[in-house]
Amino acid sequence: MLHRSSRRFLSTQRKGPGPAVQRLITIGEKWKQKTIRGFPKQEGQDKGSKYILCQFPYPSGMLHIGHLRVYVISDSLNRFYKQKGYDVIHPMGWDAFGLPAENAAIERRINPAIWTRENISKMKQQMESMLANFDWDREIATCDPEYYKFTQWIFLELFKNGLAYRKEAEINWDPVDKTVLANEQVDAQGRSWRSGAIVEKKQLKQWFLGITKFAPQLRKHLTQLKDWPSNVKQMQKNWIGESLGTELIFKVTDSRFEDLVVFTTRPETLFAVQYVALALDHPVVQKYCETIPDLKEFLSKCDVLPDDTKEGFHLPNINAVNPLTKEEIPIFVAPYVISGYGSAPSAVMGCPGHDSRDFEFWKQNCPGQHIKTCVTPFFDDTSKLSEKEKQELIETVPFTSTNGVMTKESGEHSGVFTGVARKSIVGKLHTEKLSKNIVRYKIRDWLISRQRYWGTPIPIIHCDSCGPVPVPESDLPVRLPDIKELNTKGNPLSTIDEFVNVDCPSCGSPAKRETDTMDTFIDSSWYYFRYLDPKNTSKPFDCEIASKHMPVDIYIGGVEHAILHLLYSRFIAKFLGSINAWDDPTGAFEPFKKLVTQGMVQGKTYIDPDTGRFLMSDELESINDSSDGNSVIIRANGKVPIVSYEKMSKSKHNGADPNACISKHGPDATRAHILFQSPVADALNWDESKIVGIERWLQKVLVLTKHILSLKGNLAISKEYKTPTDLNDAEVKLHNDVQRYLKSITESFEIHISLNTVISDYMKLTSVLEVALRKGEVRNEMMVQNLQKLVSSIYPVVPSISEEAAEMISSQMEWNQYQWPVVEHTTECQFKKFQIVVNGRVKFMYTADKNFLKLGRDAVIETLMKLPEGRMYLMNKKIKKFVMKYNVISFLFHK
Ligand SMILES: [Zn+2]
């Protein structure tokens, strides 16, 4: 049996869709125009607005399966809330600037604008074929001058408020793409995320945005984001990196220099501090560099060192003074010290005995030298060791816990817990003006300069006498000059004289226009505001409109944007709040109320067990020994490949094309399948063969609709039809089952966003209607009523199947298919069937109020006697024994 069915499965696979599946495809085509427009707005049930937003795509020209997943999630929510009576804002646009378009344009020797426009129209078609209903009248593209005019406006506001500034900075330089990379765009091996080239360090004047000024709010308001996944909040928290600690003052023995300011969270380890390390750009280092050639050479070597390097350079003729012990200790230059951490030039104290990194550094730079300690564990299991053995242990591994007991090396603090010692040491140093408690953040200001063409031009003019001068607002946008063809690497803007040479807006003398463009993360940091007022020509958006609809109610996107995009958006939203561009009564100015991060879609991957090579589909052959027809062997050697699910990529031959899937199974089955396969937040293992289950369900819905509508004597039910009160057992069961599933579906949309549960509830709902139809115990009007509920409730996910079924129903009666079914109370059966037993045999059944027996013996008998069956079986007989219990009424008569 299994053998034959799997053969059949394979043969239908070869021939393409069978007639039943073909029907689903045809229905998708039939209703496409209607469902991509959505349904007409309902009168008189306005519940206010819902802003449902999915992350806008980069216009690559190809909708991939991850896009499909995010838009199906957001479109299902969009349709659900529309049915619930909300005025839903569900926009779509294009994150259109950036390197991929520029590189593609260079390859094709065209302007990136042309390539981008072509891709946008392709992707729009693909979105339509998946029946995504977006508000196209709100469409934006970040590369449109009407949009980037206001990206520039926001930049100028930041500039006016001292939050956009230019400074010389060491940058990550991609020698292949000839551009600056953000730290996040450099991988652990020091390679560019895009070109793969080893990234170089360079000093360059760059534009920064002062996100660090907002670090306290960005950190604090995370606690208000109750509807964000906790892992995302944790990632944001780590990135912002708040630490409560102490700034310590280390004086230096060279009077030319100011004191060193060192930040630490563990001042109690001062007794074991053995050196101070300075960042490469520290003024002391720069000064010494002038006279020590070796240091200069060391610095140039540092460019290529990995981030975790333990290299160091001992500065001769200068020491630092430990503020607590007054001991003089050496100063090193160390690339591991991050520059620009906090306000003061970067210096850190080195405590080899209590910090792993310092330990490694000390071992490498001062090999064989003594390691100091001043803290031991609470339970010191080394007490049996000799002094020599103890010292050997210290030399092997540092004790890094923040909790412990101070040792005799800490003088008056000996025997005290670290927490207590920490406070008293800071107190003592504070009176000497050598320490200060502060909060520090790890987050850096945002480097936004890009030396590329395809981005928003930075609206600044450099004048020799006035410095950087903002382009007057009336001159915005600073347009990207039209270039016929891009064929150079690097920044073409700097080579266009008409663009570069301008008069200073302030003094009128010849000046040069800034040629850097902005990081595309700025374009996407405010697009959700523009959607709300996309045609505004005088400002980015109207304050009142934005204040009415913000924050976004549900934001759906990939977890890969959990840090930077969300952080930058939160920063810009807060900044726009601070200049009164929008109002938030909570005062937090958080842009996204609820965040849904969908998991990655992974493809089925086949690997040759002998060679570890990824196999292509035509190297595999299906075999017929499995129930799902899904087993394969390697064609060349007959072996069974290793099967796994991995991130889709060309090299693994495991990609899936949403268009191919839609044309093979229809849009509705594809949509339901993608939701059904796994919970929204989890990774989705894409297996197209499992879509048959969904296809069968959709066919069932259509068949069920046809059969219920053809019930004999079926009267058209009115729009006001209410669930009757005199329900029989079967009707009670149907009513209660339907209510239970509807409640679960509604909550899955509204509360849990558990869309895989929605699909399984749809299937169960369909099934209870099927069972009721088969048994035939439910009155026809109720069958129709509950069919309507099913058809309306599936609309969010499978809109064209819902339309098709609704059309069949509407041909017989008037009803509103676009209204979300009201969840009614479940009911108990008012009636009960009683068995009337005479001399041990059931003679007839009687349906009565469930409390019938409570009337008492005489009333029960009297009622039964009046029935036609009662007259036949019970009249004129003498009762020997009478029992009534549960649903049994038993007579034993004298013979
Ligand atoms: Zn000037």
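- Going by an unreviewed UniProt entry, the protein carries the name Leucine--tRNA ligase, mitochondrial and comes from Saccharomyces uvarum.
- The UniProt entry for the protein carries this comment under Catalytic activity (unreviewed entry): "tRNA(Leu) + L-leucine + ATP = L-leucyl-tRNA(Leu) + AMP + diphosphate".

A word on the pairing of strand 8 (residues 242-252)
Okay, so step 1: For strand 8, the tally of buried residues reaches eight of eleven residues, placing the bulk of the element in the interior.
Okay, so step 2: Here strand 8 runs beside strand 16 (residues 435-441); their pairing, made up of seven bridges, is antiparallel. From the neighbouring strand, Glu-247 faces strand 16, where its bridge partner is Lys-436.
Okay, so step 3: Two strands pair when backbone bridges link them, and strand 8 and strand 9 (residues 260-264) are joined in this way by five bridges, in the antiparallel orientation.

Quick word on the domain arrangement of the protein
The parts lose accessible area when they come together, and the size of an interface is often stated as this lost area.
Okay, so step 1: Under the domain assignment, the protein is made up of domain 1 (242-441) and domain 2 (831-893).
Okay, so step 2: Taking only C-alpha atoms into account, the centre of domain 1 sits 96 Å from that of domain 2.

Some remarks on the confidence of the model for the protein
The predicted coordinates of low-pLDDT regions are not to be read in fine detail.
Okay, so step 1: Of the residues in the protein, 95% have a pLDDT of 70 or more, and the chain-wide mean is 89.
Okay, so step 2: Contacts for the low-pLDDT stretch residues 1-14, under 50 throughout, to residues beyond four places or in other chains number 13 contacts.

Observations regarding the coordination of the zinc ion
Okay, so step 1: Donor atoms from the polypeptide that coordinate the zinc ion comprise Cys-463 (SG), Cys-466 (SG), Cys-504 (SG) and Cys-507 (SG), at 2.2 to 2.3 Å from the metal.
Okay, so step 2: Under the relative-accessibility criterion, Cys-466 is labelled partly exposed at 33%.

What to know about the environment of Arg-23
Okay, so step 1: Along the chain, the position of Arg-23 falls in helix 2 (residues 19-37).
Okay, so step 2: Given the relative accessible area of 38%, Arg-23 is considered partly exposed.
Okay, so step 3: Considered as a pair, Arg-23 and Gly-666 are 643 residues apart in the sequence and their alpha carbons are 8.7 Å apart.
Okay, so step 4: Dropping the residues within four chain positions of it, Arg-23 is found in contact with Leu-702, Glu-804 and Met-808.

A short note on unusual backbone geometry
Okay, so step 1: The peptide bond linking Leu-476 to Pro-477 adopts the cis configuration, its omega dihedral lying at 0 degrees.
Okay, so step 2: Relative to the helices and strands, Pro-477 resides in the loop between strand 20 (467-470) and helix 14 (497-500).
Okay, so step 3: For the peptide bond that leads from Met-550 to Pro-551, omega is 0 degrees, which places it in the cis range.
Okay, so step 4: Here Pro-551 shows up in the loop between helix 17 (543-549) and strand 24 (552-558).
Okay, so step 5: Although it is not a glycine, His-653 sits at a positive phi angle of roughly 50 degrees.
Okay, so step 6: With respect to the helices and strands, the residue His-653 is situated in the loop between strand 29 (642-647) and helix 19 (658-665).
Okay, so step 7: Even without being a glycine, Asn-876 presents a positive backbone phi close to 60 degrees.

Concerning the pattern of salt bridges
Okay, so step 1: Enumeration over the complete set of coordinates arrives at 47 salt bridges.
Okay, so step 2: Asp-254 is paired through a salt bridge with Arg-256; the nearest N and O atoms lie 2.9 Å apart.
Okay, so step 3: Linking Arg-635 and Glu-621 is a salt bridge whose minimum nitrogen-to-oxygen distance equals 3.9 Å. With a gap of 14 residues between them, Arg-635 in the loop between strand 28 (632-634) and strand 29 and Glu-621 in strand 27 (residues 620-622) connect regions that are remote in the sequence.

Details of helix 20 (residues 667-676)
Okay, so step 1: Counting buried positions over the ten residues of helix 20 gives nine, a clear majority of the element.
Okay, so step 2: Three or more residues of helix 20 are buried, namely Pro-667, Asp-668, Ala-669, Thr-670, Arg-671, Ala-672, His-673, Ile-674 and Leu-675.

What to know about the packing of helix 3 (residues 65-83) against helix 20
Okay, so step 1: With their axes 10 Å apart at the nearest point, helix 3 and helix 20 run at an angle of 100 degrees to one another. One element, helix 3, and the other, helix 20, form an angle in the roughly perpendicular class. Residues Ile-65, Leu-68, Arg-69, Val-72, Ile-73, Asp-75, Ser-76 and Arg-79 of helix 3 form the contact with helix 20, whose own contacting residues are Thr-670, Arg-671, Ile-674 and Leu-675.
Okay, so step 2: Split into classes, the residues belonging to the contact of helix 3 with helix 20 amount to six nonpolar, two polar and four charged.

Some thoughts on the sheet that holds strand 5 (residues 164-174)
Okay, so step 1: Strands sit in the order 6-5-7-17 across an open sheet of four strands; the sheet is antiparallel. Edge positions in the sheet fall to strand 6 (179-181) and strand 17 (446-447), since each has one partner strand and no second.
Okay, so step 2: Pairing of strand 7 (residues 200-209) with strand 17 involves two bridges; the strand directions are antiparallel. Directly across from Leu-209, in strand 17, lies its bridge partner Trp-446.
Okay, so step 3: Here helix 6 (residues 145-160) sits on the sheet in contact with strand 5 and strand 7, set at roughly 90 degrees to strand 7.

Rules of the game
- Residues numbered from 1 in each chain as written.
- Predicted model: local features only at pLDDT ≥ 70, side-chain atom pairs only at ≥ 80, totals over all residues.
- Heavy atoms only, no water.
- UniProt positions renumbered as here; feature names shortened; annotations may be inferred.
- Buried < 20%, exposed > 50% of the residue type's maximum accessible area, 1.4 Å probe, protein only.
- Helix = DSSP H or I, 4+ residues; strand = E, 2+ residues; numbered from the N terminus.
- Pairing = 2+ DSSP bridges.
- Domains from an automatic or database assignment.
- pLDDT = per-residue confidence, 0-100.
- Contact = heavy atoms within 4.5 Å.
- Donors = N, O, S within 2.8 Å, 3.2 Å for Na, K, Ca; no water.
- Salt bridge = Lys/Arg side-chain N within 4 Å of Asp/Glu carboxyl O.
- Axes fitted to C-alpha atoms, helices over the stretch in contact; angles between N-to-C directions.
- Parallel < 35°, antiparallel > 145°, perpendicular 65-115°, else oblique.
- Nonpolar A, V, L, I, M, F, W, Y, C, P; charged D, E, K, R; others polar.

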